[in-house]
There are 2 protein chains.
Amino acid sequence: MRYDLKHLATFVAVAEELNFHRAADRLTMAQPAVSRVVLELEERLGVKLLERTTRKVRLTESGRYLLEEAQDILGRIDVAENTVRLLASGTKAILRIGYTTITGHSLLPDITREFRRANPDVRLELTYLHAPAQRDKILQDEIDLGFIEGSFQSSEIESRPLAQHRLMALLPPNHPLSTRQSLTIDDLAREELVMGTNAEWPTLRRIVVDAFQKAGQVLTVAQEASSLTGILGLVTAGVGITIFTGMPRFCGEHAIVPKPIVTDPPVIVETHLAWRRASLSGAMRRFIETSEHVGRSYML
Amino acid sequence: MRYDLKHLATFVAVAEELNFHRAADRLTMAQPAVSRVVLELEERLGVKLLERTTRKVRLTESGRYLLEEAQDILGRIDVAENTVRLLASGTKAILRIGYTTITGHSLLPDITREFRRANPDVRLELTYLHAPAQRDKILQDEIDLGFIEGSFQSSEIESRPLAQHRLMALLPPNHPLSTRQSLTIDDLAREELVMGTNAEWPTLRRIVVDAFQKAGQVLTVAQEASSLTGILGLVTAGVGITIFTGMPRFCGEHAIVPKPIVTDPPVIVETHLAWRRASLSGAMRRFIETSEHVGRSYML
DNA sequence: ATCATTGATCCAAAAATGTTATCAATGTGC
DNA sequence: GCACATTGATAACATTTTTGGATCAATGAT
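Described below are features of the structure shown in this document. Predicted, not measured: the structure shown is a model, and the values here were computed from it.

1. Brief notes about the protein's contact with DNA strand D
Here's step 1: In the region of DNA strand D, 19 residues are neighbours, and Arg36 of chain A together with Ser35, Arg52, Thr54 and Arg55 of chain B sit closest.
Here's step 2: Taking the atoms of DNA strand D that fall within 4 Å of the protein, sugar and phosphate contribute 64% of them.
Here's step 3: Within the contact set of DNA strand D, a base nitrogen lies 2.9 Å away from a side-chain nitrogen or oxygen of Gln31 of chain B.
Here's step 4: Examining the composition of the surface near DNA strand D, we find that four residues originate from one element, helix 3 (residues 31-45) of chain B, more than from any other.
Here's step 5: Residue classes in the surface near DNA strand D are distributed as seven nonpolar, six polar and six charged.

Shown next as structure tokens:
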């Protein structure tokens, strides 16, 4: 670094006062030091910032520009410093949260709304990540909290069950099975199935595959899509049935018809909130508390 | 200033590498120095930025935030430094230009369009200022160039005539005088006159007052407005006639009817471009050149 | 013409910065 | 389980940088 904040601050003082002595007073240093610092800055930039006669100081075009920039930069540093302190004191906080599609469409919005209301000084950064990715990011300290289906086995990661969902079939409106009260795995095995890709929906896929296996069936997927909207679009278009953990809140029954899937024992998908045990902060603690509170109404 | 760019840059290097030795290499300094600088920064902020075991370095929440901010700030400083150099070398420039209403509605747009085309690296900052204010701002070096009516007498200020305008009466469409080819001061003295306020239009007011005086009349203003659009609004509404230096380009003849004012000798308002002799820069020189070129078609 | 005020320069003292050598802690590999 | 390499922190010392007081030359005001 060829110069530092001292140079900028000194230059700003001189440029604002247009007088080296007054600037020196303001900075509580001697005038020669001010002279030299400004000269040094000019020399290191290779640019004249001030036109000085022995009676008057005037900014050059470059100087004028640098004055504005430097004021701004120094201001930003002050703000940053302040924010750093607030973050450290716990007054402010930033929580980086991972979520999956299953948790993202109803549970997470409810929790964040509630949490924001009670903690306006905490910024939430939400990142869509499937469960395995969340595991990595939690361990690498790239997210603070993860909403996942199931839980992780790791001594470094702690998790708490938040919500339970039953598997549900989502049918297009005029599907033959839409008159039924509920469906079985055997019903579904005979149908065209639309499912999320394994890359994006690894956990749900595993759960569904297991459920089929237990019922003595094999899951055959007719069509895949990576996003929830993509899947629902295919269902609405009549391509087939999908299996999900509930009815997405934004769906109307005229486009998507939900039917419970009956199995014995019932398949229950548990959503967990997970975090690195060693990184637990105050804001995280409060977020976990809110999540458990809100999640209670999602428990069967 | 409690800490320097050195501290920020060092912290950024460590935070990015998450390793003091590699950071030291990158900064071409010894590792103990890096340690000390980071410790110093933490101490001065009063905030722990890095969690370090003897085997691993991890950012705290504050540290993560500061990393992003510091990267950004350092980047801005680089950009500022670069821009300062470009400004000094004349590659880039910022011209602060004052203009009055008379010059602002036709001459200035023509000049800036032409100038921008030829000098894309020069930013023009246009400020509306009446002539006396421009005089002060030029002397105080708060604007580089001023478009004014008339010229200043000052050894410090140089100016160049750019355009000449004849006084013109602007009438509402159905005014009795609108059938006439031209008008005299005596005609106008009998009419209701709408004029710009003295505060905002000092120069034009003085010119008009002088013209009336020479014709043995006294200017009586029925209604004042501060802005050109306000004045024209009053004229269109039939409140009275105004006196201006031409037909504003944005007016249609269905709303405003221009009539030449005949006097002997003719009253000619000369628009000048003025600047502080001592501040003449390359960009200013080019702007002046363009102005004179474009202005030529405005000379009678 | 005198005087006060301006920014720049010189020099010695003080402060800071950086380097080498070293340490304690902790994973890694055999 | 033990030697070893690697981690960040510390100590001591040399060097560089920074600072403040005295002073200077230039210049506008009285």
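2. Quick look at the side chain of Ser291 of chain A
Here's step 1: Examined against the element boundaries, Ser291 of chain A turns out to sit in helix 11 (residues 282-295).
Here's step 2: Sequence-distant contacts of Ser291 of chain A, defined by excluding residues within four places in its chain, comprise Ile111, Phe147, Leu162 and Leu273 of chain A.

3. Digging into the sheet that holds strand 10 (residues 241-244) of chain B
Sheets are built from strands that pair by backbone hydrogen bonding, the pairs being arranged parallel or antiparallel.
All names here are of chain B.
Here's step 1: Spatially, five strands are ordered 9-8-10-7-11 in an open sheet, and the strand pairing comes out mixed. Either end of the sheet is taken by a strand with one partner, and the two such strands are strand 9 (223-225) and strand 11 (257-260). When the angles between neighbouring strand axes are averaged without regard to direction, this sheet yields 30°.
Here's step 2: Where strand 8 (residues 193-196) lies against strand 9, three bridges are found, and the strand directions are parallel. Looking at the pairing, Met195 lines up with Glu224 of strand 9.

4. Remarks on the relation of the copies chain B and chain A
Here two copies of a chain appear, and what relates them is a rotation about an axis with a shift along it.
Here's step 1: For the pair chain B and chain A, the relating rotation is 180°, the translation along its axis is 0.0 Å, and the fit reaches an RMSD of 0.2 Å. Accordingly, the operation relating the two chain copies is best matched by a two-fold axis.
Here's step 2: Both copies share a contact surface, since 100% of the interface residues of chain B are interface residues in chain A too.

5. Concerning the protein's contact with DNA strand C
Here's step 1: Around DNA strand C sit 20 residues, and of these Ser35, Arg52, Thr54 and Arg55 of chain A together with Thr54 of chain B come closest.
Here's step 2: Here the atoms of DNA strand C within 4 Å of the protein split so that 60% fall in sugar or phosphate, with bases taking the remainder.
Here's step 3: Take Phe20 of chain A: an N or O atom from its main chain is 2.9 Å from a phosphate oxygen of DNA strand C.
Here's step 4: Contact between DNA strand C and Arg55 of chain B: a sugar or linking oxygen at 3.5 Å from a side-chain N or O atom of the residue.

6. Looking at the pattern of salt bridges
Here's step 1: Under the defined criterion, the tally for this structure stands at 51 salt bridges over all chains.
Here's step 2: Asp141 of chain A serves as the salt-bridge partner of Arg64 of chain B, at 3.6 Å between the closest nitrogen and oxygen. Within this pair, whereas Arg64 of chain B is found in helix 4 (residues 61-89), its partner Asp141 of chain A is found in the loop between helix 7 (131-139) and strand 5 (145-149), the two belonging to separate chains. Each of the two residues, Arg64 of chain B as well as Asp141 of chain A, counts as buried.
Here's step 3: The shortest N-O distance in the salt bridge between Asp144 of chain A and Arg64 of chain B comes to 3.8 Å. Taken together, the residues Asp144 of chain A in the loop between helix 7 and strand 5 and Arg64 of chain B in helix 4 connect one chain to another.
Here's step 4: Under the relative-accessibility criterion, Arg64 of chain B is labelled buried at 18%.

Cut-offs and rules
- Residues numbered from 1 in each chain as written.
- Chains lettered and ligands numbered in written order.
- Predicted model: local features only at pLDDT ≥ 70, side-chain atom pairs only at ≥ 80, totals over all residues.
- Heavy atoms only, no water.
- Near = heavy atom within 4 Å.
- Polar contact = N/O pair within 3.5 Å; in protein donor to acceptor, adjacent residues only side chain to side chain.
- Helix = DSSP H or I, 4+ residues; strand = E, 2+ residues; numbered from the N terminus.
- Nonpolar A, V, L, I, M, F, W, Y, C, P; charged D, E, K, R; others polar.
- Contact = heavy atoms within 4.5 Å.
- Pairing = 2+ DSSP bridges.
- Axes fitted to C-alpha atoms, helices over the stretch in contact; angles between N-to-C directions.
- Least-squares fit on C-alpha atoms with pLDDT ≥ 70 in both.
- Salt bridge = Lys/Arg side-chain N within 4 Å of Asp/Glu carboxyl O.
- Buried < 20%, exposed > 50% of the residue type's maximum accessible area, 1.4 Å probe, protein only.

By themselves, these observations are geometric and do not establish any function.
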